[in-house]
Amino acid sequence: MLDCRRSRTVLVYLLPIALLIGSLFVGRYQTPVSVVVEESMKAFSYLFFGTPASVSTHHTVLFNVRLPRILAALLVGAALSVAGASFQGIFRNPLVSPYILGVGAGAGFGACLAILLWNSYLFIQLMAFAFGLLAMFLAISMGKASKGTGTLVLVLSGMIVGSVFTALTSLVKYVADPYDELPAIVFWLMGSLADVRYDDLLYILLPIFVGALVLFLLRWRINILSLGDEEAKALGINVEKMRLIIIVCATLMTSAAVSISGVIGWVGLVVPHISRMIVGPNYSRLLPMSMVIGSSFMLLVDDLSRTIAATEIPLGILTSLVGAPLFAYLLRRGRMGWN
Amino acid sequence: MELMLEVKSLAFSYGNGPVFENVSFSLKKGEVMCILGPNGAGKSTLIKCIAGILKPAAGSIRIQGKDTTSLGVRRVARLIGYVPQQNEVVFPFSVLDFVIMGRAPHLSMFASPGAEDMEIAKDSLAVVGLSDLAERPVSSLSGGQSQMVLIARALVQKPSLLLLDEPTSHLDFGNQILVLETVQRLASMGISIVMNTHMPDHAFLVGSRAAALTGGKLVALGEVETVVTSKMMSSVYSVNVAVREIEDMKRKVCLPLRRK
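First, a word on what this report is: a plain description of the structure on this page.

**Regarding the overall build of chain B**
For chain B, the helix and strand inventory stands at ten helices and twelve strands. Its C-alpha atoms give chain B a radius of gyration of 18 Å, near enough to 18 Å, the size a compact globule of 260 residues would have. In terms of overall dimensions, chain B has C-alpha extents of about 60 × 45 × 35 Å along its principal axes. For chain B, buried positions account for 45% of its 260 residues.

**Overview of helix α10 (residues 230-237) of chain B**
Residues and elements named next belong to chain B. Those residues of α10 that sit buried are M232, M233 and V236. Seen from one end, α10 has its buried residues packed into an arc of 95°, which puts them on one side. Positive backbone phi, approximately 55°, marks S238, located one or two places after α10.

**Here we look at the sheet that holds strand β7 (residues 161-164) of chain B**
All names here are of chain B. Across the sheet, which stays open at both edges, the six strands sit in the order β6-β7-β8-β3-β9-β10 with mixed pairing between neighbours. Across the chains shown, the open sheet's two edge strands, defined by having one partner strand only, are β6 (80-83) and β10 (217-223). When strand polarity is set aside, the average angle formed by the axes of neighbouring strands in this sheet is 15°. Lying on the sheet, helix α6 (residues 143-156) is in contact with β6 and β7; it crosses β6 at an angle near 165°. Packed onto the sheet, helix α7 (residues 173-188) meets β3 (32-36), β7 and β8 (192-196) and runs at close to 155° relative to β8.

**Brief notes about the sheet that holds strand β1 (residues 3-13) of chain B**
Residues and elements named next belong to chain B. Here we have four strands laid out as an open sheet, ordered β2-β1-β4-β5, and antiparallel in their pairing. With partners counted over all chains shown, the strands left at the sheet margins are β2 (18-28) and β5 (66-67), one partner each. Where β1 lies against β2, seven bridges are found, and the strand directions are antiparallel. Each residue of the ladder has a partner; that of L5, found in β2, is L27. Contacts from helix α1 (residues 43-51) reach β1, β2 and β4 (58-63) within the one sheet, and its direction differs from that of β1 by about 120°.

**Observations concerning the interface of chain A and chain B**
Listed as interface residues are 25 residues of chain A and, on the opposing side, 27 residues of chain B. Mapped onto the side of chain A that touches chain B, the elements with two or more residues apiece are α8 (198-225) and α9 (229-234) of chain A. When residues of the side of chain A that touches chain B are assigned to their parent elements, the largest contribution, six residues, is made by α8 of chain A. When its residues are assigned to classes, the side of chain A that touches chain B shows ten nonpolar, ten polar and five charged.

**Concerning the nonpolar core**
Residues A79, A135 and M253 of chain A together with L163 of chain B are the most contacted members of the largest nonpolar core, which totals 178 residues. With 14 residues, helix α3 (residues 57-90) of chain A is the largest single contributor of residues to this core. Setting aside its immediate chain neighbours within four residues, A79 of chain A contacts I208, M253, T254, A256 and A257 of chain A.

**Describing the environment of K122 of chain B**
All names here are of chain B. Looking at the element boundaries, K122 is found in helix α5 (residues 115-127). Under the C-beta neighbour-count criterion, K122 is labelled partly exposed, with 17 such atoms within 10 Å. As a C-alpha pair, K122 and L141 span 19 residues in sequence and 17 Å in three-dimensional space.

**Remarks on the packing of helix α5 (residues 121-145) of chain A against helix α6 (residues 150-175) of chain A**
All names here are of chain A. Closest axis-to-axis distance for the α5/α6 pair is 8 Å, and the angle between their directions is 135°. Classified by the angle their axes make, α5 and α6 are oblique. Crossing handedness for the pair α5 and α6: right-handed. From α5, A135, L138, A139, M142 and G143 reach across to α6, where they touch V153, L154, S157, G158, I160, V161 and F165. Class assignment of the residues belonging to the contact of α5 with α6 gives a composition of nine nonpolar, three polar and no charged.

**Observations regarding the packing of helix α4 (residues 103-117) of chain A against α5 of chain A**
A pair of packed helices is characterised by two quantities: the angle between their axes and the separation of those axes. Residue and element names in this part refer to chain A. Between α4 and α5, the shortest axis-to-axis distance is 7 Å and the interhelical angle comes to 145°. As α4 packs across α5, the resulting crossing turns out to be right-handed. Along its contact with α4, which presents V103, A105, G106, A107, F109, G110, A111, L113, A114 and I115, the element α5 presents F123, I124, M127, A128, A130, F131, G132, L134, A135 and M136. Counted by class, the contact of α4 with α5 contains 17 nonpolar, three polar and no charged residues.

**Concerning the pairing of strand β9 (residues 209-214) of chain B**
Residue and element names in this part refer to chain B. Taking burial as the measure, the six residues of β9 include six buried ones, the bulk of the element. Here β9 shows no split at all, with R209, A211 and L213 on one side and A210, A212 and T214 on the other all buried. Sheet topology places β3 next to β9; four bridges connect them, and they run parallel. Among the inter-strand pairings, I35 is bridged to a residue of β9, identified as A211. Joining the antiparallel neighbours β9 and β10 is a turn of two residues, in which G215 adopts a positive phi near 60°.

**Description of unusual backbone geometry**
The residue R92 of chain A is not glycine, and still its phi comes out positive at about 55°. Mapped onto the secondary structure, R92 of chain A falls in the loop between α3 and α4. Of note in this structure, S9 of chain B is not a glycine but carries a positive phi near 45°. Topologically, S9 of chain B is positioned in strand β1. Among the residues examined, S9 of chain B registers 12 C-beta atoms within 10 Å and is labelled exposed.

**What to know about the environment of F297 of chain A**
Residues and elements named next belong to chain A. Within the secondary structure, F297 is located in helix α12 (residues 283-305). A tally of 27 C-beta atoms within 10 Å means that F297 is categorised as buried. The spatial distance from the C-alpha of F297 to the C-alpha of A128 is 23 Å, given a sequence separation of 169 residues. Those residues in contact with F297 that sit more than four places away from it in its chain are G77, V267 and V271.

Conventions and cut-offs
- Residues numbered from 1 in each chain as written.
- Chains lettered and ligands numbered in written order.
- Predicted model: local features only at pLDDT ≥ 70, side-chain atom pairs only at ≥ 80, totals over all residues.
- Helix = DSSP H or I, 4+ residues; strand = E, 2+ residues; numbered from the N terminus.
- Rg over C-alpha atoms; globule rule 2.2 N^0.38 Å.
- Buried ≥ 20, exposed ≤ 12 C-beta atoms within 10 Å, placed from the backbone.
- Arc of directions from axis to C-beta.
- Pairing = 2+ DSSP bridges.
- Axes fitted to C-alpha atoms, helices over the stretch in contact; angles between N-to-C directions.
- Contact = placed C-beta atoms within 7 Å.
- Nonpolar A, V, L, I, M, F, W, Y, C, P; charged D, E, K, R; others polar.
- Core = buried A, V, L, I, M, F, W, Y, C linked by C-beta atoms within 7 Å.
- Parallel < 35°, antiparallel > 145°, perpendicular 65-115°, else oblique.
- Left-handed = near helix turned anticlockwise from the far one by under 90°.

See below:
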């Protein structure tokens, strides 16, 4: 029984790798197995031995178009899910998403402003990242300044910050050029990984890695924070400090992910639930599982977004269309991993 | 006997007038002290102050001679175990995962519990007699079992002082006695215990000492026999209370009476 469960868990861990390989074949441009194998060998020998590879169309499609996008999907899915799971723990609420502190609205506004002012890809990313972090800092300082304590004030502050940034985003949309900037803004907000290059991955790798590393080291303590402030304090945890560290790390990851993908909903909310159904509520196992499930889910959705129609379907639409029925099905089956 | 806890001139306020003030008492190793008092007297607040959850407005708390404010939350949690009144666990951890959280004050910030901590958690579950439930989710436990699991988690902290906030409320007779017997056993193992209770009668069953907190002051303190008297209890609870010796059981009982 236990062995069976363990082997199933191991299988789940192999899922992202299997999906990564499988996703290389997915797309409008046909790539038979033999070509993928051959090109992979060439790419490997170039990477490790410096054997110069002739750049064929196959190579470009596989390693300059598909692979960066696949890696981005894995990274974004993992980041949003780990951040979502962590936020759910410290806010003691399974309905919390990574955008709880207004990070999504902030990043959205930053990106829209950048589209309006400069319309350069790099600036859009930078502004989304910066305004995501800004939203968090505003929410936290507002929470600190108010008399109340604990997570409730923080959630309310997040709502306030989020609504202000949403209003500002609407303002930007209103003044944007309706033939050029407005569509760009709308598409960015719906989320997409279509334009991701290796450079973009490089920029977001550091904040996501740092955030994930710290959260992984602290993950057992998220259990204790989920018991509530008083009990956590009685168990010797410096609650305010620990919560701040976790919020900053989760926000770093969320902002970085959103900066290249746009505001993709649903993943950071649902994936932790699915993971809880598999490994239970203990964050020691939940956080790694959320990472695996999140990256797999995102990659699967992205594969769909670039195949099911002649044109790309924005990711934000598909995560909900795929995620909602999946979640409804799991709900029916019971075992939620929370009360 | 070794002095375990010294509370001196303790006061607490939520900002509008004191909840209690000038509370002083001390406790020796292995003693059980029952704190009595009406609803809203500040019993839970007092316990939370001692546990370091709330910050007192004035006064000092010393545990084994060391001032708790100078120790810091982590080291306080190695000496003082706190058993809350009721716990709302959002996520249904397994009993073992839940109990092992008591190891937190003994682990460094980035560490997770290891095999040794696992053994300590299992031992604590054995002490409260719940080894069989280790894999059960805490959300599936009965009131009595939850209380025992909370006690087990506090024991995992390896405390010298255990604070229990109304451990027998919501429990049936059988579970009340089970909790009280556990308290007695822990005291005989050398752990000092401070326990809030709404049942003055329980002081006769486990307490070596008792205190009555009402109107923001400690109005009585001492041996159970001297605190739980008909006169004192009647004035504390504003209702007639009878304290009688039951001859054939060789113990005193404390019962409220109906107003005429």
